[in-house]
Amino acid sequence: MIVTTKDLFRIAYGKFAVGAYNINNMEQCIGLFQGCTASQAPFIIQISKGARKYALVKMLEGLIRTAEELFPETIFAVHLDHGDEQTCYDCIDSGFYSSVMIDASHYPFDENVAITQRVVSRAHAKGISVEAELGMLGGVEEDIKVDEKHAMLTDPDDAARYVQLTGCDSLAVAIGTSHGAYKFKGRQSLHFERLAEIQARLPGFPLVMHGSSSVPQEEVLRINAAGGAMDPSARGVDEDEFATAVPLGVTKVNIDTDGRLVWTRVHREYFRDEPAKIDFRDPGKIFMAEYASFIAHKNEKLGSAGRLAEIRAALG
Ligand code: G3H
Ligand code: 13P
Ligand code: ZN
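Residues numbered from 1 in each chain as written. Chains lettered and ligands numbered in written order. Predicted model: local features only at pLDDT ≥ 70, side-chain atom pairs only at ≥ 80, totals over all residues. Heavy atoms only, no water.

### What about the overall build of the protein chain?
Broken down by element type, the protein chain carries 13 helices and 10 strands. Relative to its length of 316 residues, the protein chain is compact, with a C-alpha radius of gyration of 19 Å against a globular reference of 20 Å. Projected onto its principal axes, the C-alpha coordinates of the protein chain cover approximately 60 × 45 × 35 Å. Looking at the protein chain as a whole, 55% of its 316 residues are labelled buried. (Helix = DSSP H or I, 4+ residues; strand = E, 2+ residues; numbered from the N terminus. Rg over C-alpha atoms; globule rule 2.2 N^0.38 Å. Buried < 20%, exposed > 50% of the residue type's maximum accessible area, 1.4 Å probe, protein only.)

Okay, structure coming up:
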């Protein structure tokens, strides 16, 4: 069942975080629905501009609508990830999305506010909620590369002013994470002190953590052992830190890279071990099963596993 992102956030806030998973193809879609059914967790399907281009807008919509029918127990929202203004309008007008993200974080504050205000007014007129971003994560977001020097943690006073001015429904905050597989050098933690300051100025307001993949070292080692060439120093977010972030207002946690690692590991190992095979359905089957258990594991860490009965009751 597709629900509003707002409802999921209202139920989750302070208790658990909703996993927001990017999908690009049928195998990910099936694995995601299987993993969330097995772990009885609500979730958010995120679609990036790149995914809309790769898999075609209508094809993705068809996949998700069919999965909704095939997995009737599931409760989820559909979200545009890192939208620009025009893509937000396309999604709002499509009638398919529960929420959109307008990412104007690379613009100066006033311009970010003005763009976000326009998107909020078009979205709210149709009952769609809006995630916006203030501060800058490092790494690569779509076609924009932010180098580490220019990545900035979200300023708590600006965050409160920004939310008040824009009327957005949730805020992506920069608290030390970045997109992709190379987030940290050595062991580093999230900036919980900064998160606590933001929450103190925005009590009860849903905060979003982008760049939340954990980049398990074992995955990197297995990928490299099967012919990959990832930098072995790749590090991500310690997934045990989600439990600390939730009471500090983090209600949505974005995970994409870790799913890509599962895909890469499965396919590299399969073709290393079966060099004569050419049927992509063989590794595809393994990937769907592995992706489903990866999703179920993340949902346990986010505290969203086992929540479906509670959510059904809260939705009435
Ligand atoms: O933050 C970006 C997400 O990981 C989506 O990646 O733009 O390559 O689809 P993508
Ligand atoms: P990762 O690159 O850490 O998976 O982050 C994904 C993300 O933030 C999507 O918006
Ligand atoms: Zn992101």
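That shown, we press on.
### A closer look at the site of ligand 2
Taken together, 15 residues are adjacent to ligand 2, and Asp81, Lys183, Ser213, Asp256 and Thr257 come closest. When isolated, ligand 2 has an accessible area of 310 Å², and the protein chains bury 96% of it. Counting only elements with at least two residues in the shell around ligand 2, the list comes to β3 (76-83) and β10 (250-255). Its residues assigned to classes, the shell around ligand 2 comprises one nonpolar, 11 polar and three charged. (Near = heavy atom within 4 Å. Areas by Shrake-Rupley, 256 points an atom, 1.4 Å probe, with all protein chains shown as cover. Nonpolar A, V, L, I, M, F, W, Y, C, P; charged D, E, K, R; others polar.)

### Focus: the pairing of β3
Among the eight residues in β3, eight count as buried, and that is most of the element. With six bridges connecting them, strand β2 (residues 43-48) and β3 associate as parallel partners. The partner of Ile44 across the bridge, within β3, is Ala77. Traced from β3 through helix α5 (residues 85-94) to strand β4 (residues 99-102), the parallel crossover comes out right-handed. (Pairing = 2+ DSSP bridges. Right-handed = clockwise from strand over helix to strand, strands pointing away.)

### A few points about α5
Regarding α5, the residues found buried are Thr87, Cys88, Tyr89, Cys91 and Ile92. Looking at the buried side of α5, the elements it contacts are α3 (49-55), β3, β4 and α6 (109-124). Following α5 by one or two positions, Gly95 has its phi on the positive side, about 75°. (Contact = heavy atoms within 4.5 Å.)

### Comments concerning the side chain of Ser129
Relative to the helices and strands, Ser129 is located in strand β5 (residues 129-134). Judged by its relative accessible area of 7%, Ser129 falls in the buried class. Residue contacts for Ser129: discarding those within four places in its chain leaves Thr5, Lys6, Ser98, Ser99, Val100 and Asp169.

### Quick notes on the coordination of the zinc ion (ligand 3)
Coordination sphere of the zinc ion (ligand 3), protein contribution only: His82 (NE2), His179 (NE2) and His210 (ND1), at 2.1 Å. Taken in chain order, the donor set of the zinc ion (ligand 3) reads H-x96-H-x30-H. In this pair, His82 is assigned in strand β3 and His210 in the loop between β9 (207-209) and α9 (217-225), connecting sequence segments 128 residues apart. Judged by relative accessible area, which is 1%, His210 ranks as buried. (Donors = N, O, S within 2.8 Å, 3.2 Å for Na, K, Ca; no water.)

### Things to note about the packing of α5 against α6
Look at α5 against α6: their axes get within 10 Å of each other, and the N-to-C directions meet at 5°. For the element pair α5 / α6, the angle class is roughly parallel. Along the contact surface, α5 presents Glu85, Cys88, Tyr89, Ile92 and Asp93, while α6 presents Ile115, Arg118, Val119, Arg122 and Ala123. (Axes fitted to C-alpha atoms, helices over the stretch in contact; angles between N-to-C directions. Parallel < 35°, antiparallel > 145°, perpendicular 65-115°, else oblique.)

### Focus on the site of ligand 1
As a structural note, the neighbourhood of ligand 1 is formed by eight residues, with Ser48, His82, His179, Asp256 and Arg260 the closest of them. Residue His179 places a side-chain N or O atom 3.2 Å away from an oxygen atom belonging to ligand 1. Protein contacts shield 81% of the accessible area of ligand 1, which totals 300 Å² for the unbound molecule. Looking at side-chain class alone, the shell around ligand 1 contains no nonpolar, four polar and four charged residues. (Polar contact = N/O pair within 3.5 Å; in protein donor to acceptor, adjacent residues only side chain to side chain.)

### Regarding the sheet that holds strand β8 (residues 170-173)
The strand order around the closed barrel formed by eight strands is β1-β2-β3-β4-β5-β8-β9-β10, and the pairing between neighbours is parallel. For this sheet the average axis-to-axis angle between neighbouring strands, irrespective of direction, equals 25°. Strands in contact with helix α7 (residues 156-166) are β5 and β8; relative to β5, the strand with the most contacts, it is inclined by about 150°.

### A few points about the environment of Tyr97
Residue placement: Tyr97 occurs in the loop between α5 and β4. Residue class for Tyr97 comes out buried when judged on its relative accessible area of 8%. Ignoring sequence-local partners within four residues, the contact set of Tyr97 consists of Ile47, Arg52, Val78, His79, Leu80, Cys91 and Ile128. Looking at Tyr97, its side chain comes within polar contact range of the side chain of Arg52, at 2.9 Å.

### Overview of the packing of helix α2 (residues 26-38) against helix α12 (residues 281-302)
Two elements in contact, α2 and α12, have axes whose closest approach is 7 Å; the angle formed by their N-to-C orientations is 45°. Viewed along their axes, α2 and α12 adopt a mutual orientation that is oblique. The hand of the α2/α12 crossing is right-handed. Across the interface between the two elements, Glu27, Gln28, Ile30, Gly31, Leu32, Gln34, Gly35 and Cys36 from α2 touch Gly284, Phe287, Met288, Tyr291, Ala292, Ile295, Ala296 and Asn299 from α12. Across the contact of α2 with α12, the residue classes tally to nine nonpolar, six polar and one charged. (Left-handed = near helix turned anticlockwise from the far one by under 90°.)

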